[in-house]
Amino acid sequence: LFNLMKIFLDDNRVPYDVFRLTINPIYEKNESWVLLKDYNEFVSHINKYGIPDLISFDHDLEQSHYLPINQNNINYRDMTVKCGYHCLEWLINYCQDKKNKLPEILIHSMNIEGKKNMIKLLEMNPYS
């Protein structure tokens, strides 16, 4: 699992920060990941390089995402800056359009409701 193409989507953490919390060895070496910070970087990287083997998602990708309004009963349509949920939604549609399986997905977000929403999105998807 350490020589695969891996994307780490997070606006301010690096994989080692998640390793310190989880002790999951996959996060131990920052340099084994492609680090992406927002929706536009995420979409353009996959359009350019294709679907990686593994993606680890954060939910909150920008300061406004940390506000209480975006921690409970999250309204994704009203967000002015797209979050990890939008990235995952885009990825699912991209894989369906290309008839590809989804890569392995991890969600390292600390946003409890956001993480649950992303898990639900994956469970509803026939391509995972």
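All values derive from a computational prediction rather than experimental measurement. (Residues numbered from 1 in each chain as written. Predicted model: local features only at pLDDT ≥ 70, side-chain atom pairs only at ≥ 80, totals over all residues. Heavy atoms only, no water.)

1. Overview of the overall build of the chain
Looking only at helices and strands, one finds four helices and four strands in the chain. Tracing the chain from N to C terminus, the helices and strands come up as β-α-β-α-β-α-β-α. For the chain, whose C-alpha radius of gyration is 14 Å, the value lies close to the compact-globule estimate of 14 Å for 128 residues. Expressed along its principal axes, the backbone C-alpha trace of the chain runs to roughly 40 × 35 × 25 Å. (Helix = DSSP H or I, 4+ residues; strand = E, 2+ residues; numbered from the N terminus. Rg over C-alpha atoms; globule rule 2.2 N^0.38 Å.)

2. Re the packing of aromatic side chains
Here a ring pair, both rings aromatic, is described through the centre-centre distance and the interplanar angle of the planes. For the coordinates displayed, the defined rule picks out eight aromatic pairs. Measuring from ring centre to ring centre gives 5.4 Å for Y16 and F19, while their planes differ by 35°; the resulting arrangement is tilted. Of this pair, Y16 and F19 both sit in helix α1 (residues 15–22), three residues apart, which is roughly one turn of that helix. A relative accessible area of 34% places Y16 in the partly exposed class. (Phe/Tyr/Trp six-rings, centres within 6.5 Å; stacked < 30°, edge-to-face > 60°. Buried < 20%, exposed > 50% of the residue type's maximum accessible area, 1.4 Å probe, protein only.)

3. Describing the sheet that holds strand β1 (residues 6–9)
Pairing is parallel across the open sheet formed by four strands, whose spatial order is β2-β1-β3-β4. Strand pairing shows two members of the sheet lacking a second neighbour, β2 (34–36) and β4 (104–107), which therefore form its edges. Ignoring strand direction, the axes of neighbouring strands in this sheet form an average angle of 20°. Here strand β3 (residues 54–57) runs beside β4; their pairing, made up of four bridges, is parallel. Bridged to S56 within β4 is L106. (Pairing = 2+ DSSP bridges. Axes fitted to C-alpha atoms, helices over the stretch in contact; angles between N-to-C directions.)

4. Some remarks on unusual backbone geometry
Positive phi, normally seen in glycine, also occurs at N73, with a value near 45°. For N73, the position within the fold is in the loop between β3 and α3 (84–98).

5. Here we look at the environment of L102
With respect to the element layout, L102 can be found in the loop between α3 and β4. Along the backbone, L102 and K6 are 96 residues apart, and their C-alpha atoms lie at a distance of 13 Å.

6. Quick word on the side chain of H45
The topology assignment puts H45 in helix α2 (residues 39–49). Apart from the residues within four sequence positions on either side, H45 is in contact with M5, I7, V34, L36 and G50. (Contact = heavy atoms within 4.5 Å.)

7. Structural notes on the packing of α2 against α3
Where α2 contacts α3, the two axes come as close as 10 Å, and the packing angle between them is 20°. Judged by the inter-axis angle, α2 sits roughly parallel to α3. Here the hand of the crossing between α2 and α3 comes out right-handed. Each of Y39, F42, V43, I46 and N47 in α2 lies in contact with α3, whose residues at this interface are H86, C87, W90, L91 and Y94. Of the residues contributing to the contact of α2 with α3, the split by class is eight nonpolar, two polar and no charged. (Parallel < 35°, antiparallel > 145°, perpendicular 65-115°, else oblique. Left-handed = near helix turned anticlockwise from the far one by under 90°. Nonpolar A, V, L, I, M, F, W, Y, C, P; charged D, E, K, R; others polar.)

8. Concerning helix α4 (residues 112–123)
Between its first and last C-alpha, α4 extends 17 Å over 12 residues, near the 16 Å set by a 1.5 Å rise per residue. Those residues of α4 that fall on the buried side of the exposure criterion are G114, N117, M118, L121 and L122. Seen along its axis, α4 keeps its buried residues to an arc of 140°; they face one direction. Of the exposed residues in α4, the ones pointing more than 90 degrees away from its buried face are I112, K116 and E123. In this structure N111 caps α4, since a side-chain oxygen of it lies 3.3 Å from the backbone nitrogen of E113. (Expected span 1.5 Å × (residues − 1). Arc of directions from axis to C-beta. Polar contact = N/O pair within 3.5 Å; in protein donor to acceptor, adjacent residues only side chain to side chain.)

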